[in-house]
Structures are given as C-alpha cells and as structure tokens.
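Listed below are the residues making up each chain.
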Amino acid sequence: MPPISTDVRDQPQPPAAPRRLPGPATRAGRVRWGIRGRAIRRLGPGDRDILWLYLSTRIGIWLTAYCARWLFPSDPATHDPGPSLAPFQHWDWDHFLHIAQQGYFPGQAGPWQSEWDNREAFFPGFPLVLRAVHLLVPDWALAGLTISFVSGAVAVLALARIARHHLPDAEAGQRAVLFFLLSPCAVFLAVGYTEALFLALALPAWLAGRRHNWPLAMALTAAATAVRVSGLFLAAALATQFLLTLRSTRNLRPLPWLALPVLPLALFSWYLHSHTGDWMAWKHAQERGWFRTFHTPWEAWSNTWTNAFGHAQGTGYAFMFQAELVTMAVGVALLVVLARKRRWAETVYVALSLCALGTSFWYVSIPRAALLWWPLWIFLAAWSLRSPRFKTAYLCVVAPLSTVFALTFLTGRWTG
C-alpha cells in the first residue's frame, strides 16, 4: 500500500468552478454589484477617455480665451488685457447674473418700463443653480463656469453611452463626443450659459427612458424644463417613447409621471402672472427682445435670407444669419433621416425644436440650439465609422470654424 501523501497538491481537488462569462461590463464601464444586487456603473477606460477628450477641449477654449484677451482687446492701444474671466461674460450671461443677484423684478422694475431688459424670457433653472453654487464659489463668473464645466462632463458621458446604445463599434461614443465638442457653437458649453446644464439633465433622462425608468426620466426632464423650454420637447419625445413601449409592456402605471415636466413651466408662469398679470410673460418678453413673434416658416426663411444675403445688415450680422440658414437646413435633413429610420421619439424632439425656432420673424440662435440635437452627433459618428475620410474632413473643416465662433464670442463680437 503506497504511503499517504500529506502534500495538499496530491489530495483530490474539487472540480474547477465553471468559468464565468463576461457580463455586461465593457470597456465603456465596469459593473459592481451592490448589497442589494443593483448594478453600480463605475468609470471604465472608455469613460476616462471621454473625460480626457472633454478636458482637452476645455483647456483649448481656456487658452483661446487667454489669447483673445491679449490679442483682441476692445481698445487696441490698451496695456491691460482686463480681468481673466472677462471673455466669458457676454450677452445672455448678464441676464442670468442679474436674475441670480436681484431676482426677476427688483424693486418696482418690470416690463412696464421702457428700458427693461426682458429678463423674464429666461427660465429660472440656471439662475437658481448659479445662486446656489455662488455660496461655495464667491466669484459669480467662476461659479457659472463651474456649473457648465461639471454639467458638460456629465453630458458627454451620457452622450457617449447613448451612442454606444445605437452603434456597436467601440469607438462610437468617442466619435460622437468628438464631433459634439468640436462643433461650431461648442464654446457655449464652456461659458455660463444653459446648454451644458440642460444636456446634463436631458441626456440622462433619455437614457432613463430607454431603460423604462419613467419616474427618473420625467423627474430629470422636469428639471431640464426649468432650465430651458426645450425640456417640453424632450417630454413630448419621452411620451412618444412611452407610447411605443406600451405595445410590449402594457404597463400604464407610469402614465401620471408624464405630466411632471409641465409643473416647472406652470409654476414659472404663475410666478410671472403674480407680478405682471400675464401668464405668458416669458413668451412676450422673447417677442419684445428677440423678435420671436409668430411667422410662417417660409416668412421666417425669407426674412433670414434677406438679412443674410440682401446687404441689409453689417457683415457680422449677415454672417450669423447665414449660419442660421445653414443650421436650419442641417436640422431639416436630420429630421428627414430620423423619420425615414422610424426613430419617432427623436423625430418628435427635433421637429418641435425646428418648429419653435423656425416660426419667428427671423432665425435666432439655431446654431446654439443644434448642440441639443443629440441624434445629430450620433449620426455623424455613424457616418464617420462607415467612411473613415469623413472624420478627417470634419476636423479640417469644422474645427477651424469652431475657433472662429469661439473667438467671436470671447471677444464680445458675437451677433447671433
């Protein structure tokens, strides 16, 4: 009888556990299971690449702002370039700052005054967040930049995940974010404006809707509506998505949540009515200050065309009207593609946006609004994956144009 070995390596071993197949964690992010079995997504290499791309473009804009102060001062003979954050404090920023500091109707001021600034045209979401962040960041301009910086990071991560949902390629998310961050009006994501904050709420809301988490989706959409009226367009798109899912789920319990995004608008309208007696004071302020009176789409196109090419405006304004026309054409093309692909929810979102933008006296701020058309960046990413030369063409053509737009804003010469 052979001696019994005491070496554990010679002892009978239990069969090896079957090798676990990789779960849903990918390069985009790993999954950790919490004590309640919930998947908690952590940042993976793909997400870190997105954030590095985001930070790199922020550094580029900050360097552009630094150069703009020194190379393009308002007074060419000056020896002082001015405050370091001055390039970020133009146009709409003044309205947000005044609302955050003074409220909508300081003292007895209001739309009944001839020199009124029509600040009630701007929704309260961003000024409220600005006032809250100001408690931690004493400088108002830096507080506004902080909001946009953090919000932009959330937005690009969400955009990348939406792109990965539609496109199987591992580079899809990074491509969509690259085209988004280098788009002509991307400078508005880096200043104290509403675009970054809106997208930081709207894109996660869209992701929540895709996962049928309707309470979260509509709560985020309500917050987005408090920032921009475009939140109502998002609410309509999510409602469309909900109706499409009823074919398979037959679950009507989330239906009351669909009304939640209307609440911020109702409260804001009630507040304005209590001070002005006008339930639509925000809309009428836009009409007074920005010529957003209703006109047919062909009238709006004709008026914009005349101001773009009819020598009715100075060259700066004419150029911006030309950009408005080009962006409207891009939006209509996007709408057609979405409809042909039967992506009805996104079709509703873009269609409502185009209707709102394309029925004013003339086009105003459509290039900025294009930042909010997230299907556009996903389609461009898909196009670049099918045609490798498209990425090179985009970077060579659009990136210099983005620099021009950034300099135009940062030097205070923006006219759109």
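Residues numbered from 1 in each chain as written. Predicted model: local features only at pLDDT ≥ 70, side-chain atom pairs only at ≥ 80, totals over all residues. Heavy atoms only, no water.

Scanning the protein chain for helices and strands turns up 16 helices and two strands. Dimensions of the protein chain, computed from the C-alpha atoms along their principal axes, are close to 110 × 55 × 45 Å. Residue burial in the protein chain is summarised as follows: out of 416 residues, 46% are buried. In the protein chain, the proportion of contacts linking residues at least 24 apart, taken out of those at least 6 apart, comes to 69%. Across the protein chain, the centroid of the 36 positively charged side chains sits 14 Å from that of the 20 negatively charged ones. (Helix = DSSP H or I, 4+ residues; strand = E, 2+ residues; numbered from the N terminus. Buried < 20%, exposed > 50% of the residue type's maximum accessible area, 1.4 Å probe, protein only. Contact = heavy atoms within 4.5 Å. Lys, Arg positive; Asp, Glu negative; His and termini not counted. Charge placed at Lys NZ, Arg CZ, Asp CG, Glu CD.)

Further remarks concern unusual backbone geometry. With a phi close to 55°, W91 is a non-glycine residue in the positive phi region. Tracing the backbone through its elements, the reader meets W91 in the loop between helix 1 (45–71) and helix 2 (92–102). Residue class for W91 comes out partly exposed when judged on its relative accessible area of 42%. With a phi close to 60°, N118 is a non-glycine residue in the positive phi region. Following the sequence through the fold, N118 ends up in the loop between helix 2 and helix 3 (125–134).

To continue, consider the pattern of salt bridges. This structure, assessed with the given rule, holds ten salt bridges. What emerges from the salt-bridge pattern is a single network uniting D92, E195, R228 and R368. (Salt bridge = Lys/Arg side-chain N within 4 Å of Asp/Glu carboxyl O.)

With respect to the helices and strands, the residue Q286 is situated in helix 10 (residues 281–290). At 3.4 Å, the side chain of Q286 forms a polar contact with the backbone oxygen of A121. Not counting residues within four places of it along the chain, the set of residues in contact with Q286 comprises A121, F291 and R292. (Polar contact = N/O pair within 3.5 Å; in protein donor to acceptor, adjacent residues only side chain to side chain.)

This brings us to the nonpolar core. Formed by 123 residues in total, the largest nonpolar core has its most connected members in F180, F188, Y349, W373 and W374. Broken down by element, the residue count for this core peaks at 14 residues, all from helix 4 (residues 140–166). Not counting chain neighbours up to four residues away, the residues in contact with W374 comprise L159, I162, L203, W206, L234, E346 and Y349. (Core = buried A, V, L, I, M, F, W, Y, C linked by side-chain atoms within 4.5 Å.)

This part covers the packing of aromatic side chains. Applying the stated criterion across every chain yields a total of 36 aromatic pairs. Ring geometry for W62 against F149: centres 5.9 Å apart, planes inclined by 40°, an arrangement best described as tilted. On the criterion of sequence distance, the pair formed by W62 in helix 1 and F149 in helix 4 is long-range, its members being 87 residues apart. Using a relative accessible area of 34% as the deciding quantity, one classes F149 as partly exposed. Geometrically, the ring pair formed by F405 and W414 is edge-to-face, given 5.6 Å between the ring centres and 65° between the ring planes. Like F405, the residue W414 is buried in the burial classification. (Phe/Tyr/Trp six-rings, centres within 6.5 Å; stacked < 30°, edge-to-face > 60°.)

Right, let's talk about the packing of helix 2 against helix 3 for a bit. Look at helix 2 against helix 3: their axes get within 8 Å of each other, and the N-to-C directions meet at 60°. Between helix 2 and helix 3 lies a crossing of right-handed hand. Between helix 2 and helix 3, the contacting residues are W93, F96, L97, I99, A100 and Q101 on the first element and F126, P127, L130 and R131 on the second. Across the contact of helix 2 with helix 3, the residue classes break down as eight nonpolar, one polar and one charged. (Axes fitted to C-alpha atoms, helices over the stretch in contact; angles between N-to-C directions. Left-handed = near helix turned anticlockwise from the far one by under 90°. Nonpolar A, V, L, I, M, F, W, Y, C, P; charged D, E, K, R; others polar.)

Looking at the largest pocket, its volume works out to about 1200 Å³. Residue lining of the largest pocket: 48 residues in total, with W290, R292, V364, S365 and R368 positioned closest to the centre. Counting only elements with at least two residues in the lining of the largest pocket, the list comes to helix 2, helix 8 (230–249), helix 10, helix 12 (315–340), helix 13 (344–357) and helix 14 (366–369). Across the lining of the largest pocket, the residue classes tally to 29 nonpolar, twelve polar and seven charged. Lining the second largest pocket are 34 residues, with V330, L376, W377, L380 and Y394 positioned closest to its centre. Mapped by element, the contributors of at least two residues to the lining of the second largest pocket are helix 12, helix 15 (374–386) and helix 16 (388–410). Of the residues forming the lining of the second largest pocket, the biggest block, nine residues, is contributed by helix 12. Residues of the lining of the second largest pocket, tallied by class, amount to 27 nonpolar, four polar and three charged. (1 Å grid on protein atoms, 1.4 Å probe; cavity = no way out; pocket = protein on both sides within 12 Å on 5 of 7 lines; lining within 4 Å. Points joined across faces, edges and corners; volume = space filled by probe spheres on them.)

A few words now on the confidence of the model for the protein chain. On average, residues of the protein chain score 90 in pLDDT, and 90% of them are at 70 or above. Confidence drops under a pLDDT of 50 for residues 1–40, and excluding neighbours within four residues, the segment shows 32 contacts in the predicted structure. (pLDDT = per-residue confidence, 0-100.)

With 20 residues, helix 8 ought to run about 28 Å at 1.5 Å a step, and its terminal C-alpha atoms sit 28 Å apart, in line with that. The set of residues buried in helix 8 consists of S230, G231, F233, L234, A235, A237, L238, T240, Q241, F242, T245 and L246. Two residues or fewer after helix 8 comes R250, characterised by a positive phi angle close to 55°. (Expected span 1.5 Å × (residues − 1).)

Residues I59, W62, L63, F149, V150 and V154 make up a contiguous nonpolar surface patch of about 510 Å² in total accessible area. Sorting the residues of the nonpolar patch by element identifies helix 1 and helix 4 as the ones contributing at least two each. (Patch = residues over 30% accessible without salt bridge, like charges linked within 9 Å, V, L, I, M, F, W, Y side chains within 5 Å. Areas by Shrake-Rupley, 256 points an atom, 1.4 Å probe, with all protein chains shown as cover.)

This part takes up the environment of G209. Note on placement: G209 falls in helix 6 (residues 195–210). Given the relative accessible area of 1%, G209 is considered buried. Separated by 28 residues in sequence, G209 and A237 place their C-alpha atoms 9.9 Å apart. If we skip the residues at most four places from it in the chain, G209 touches W214, A217 and L238.

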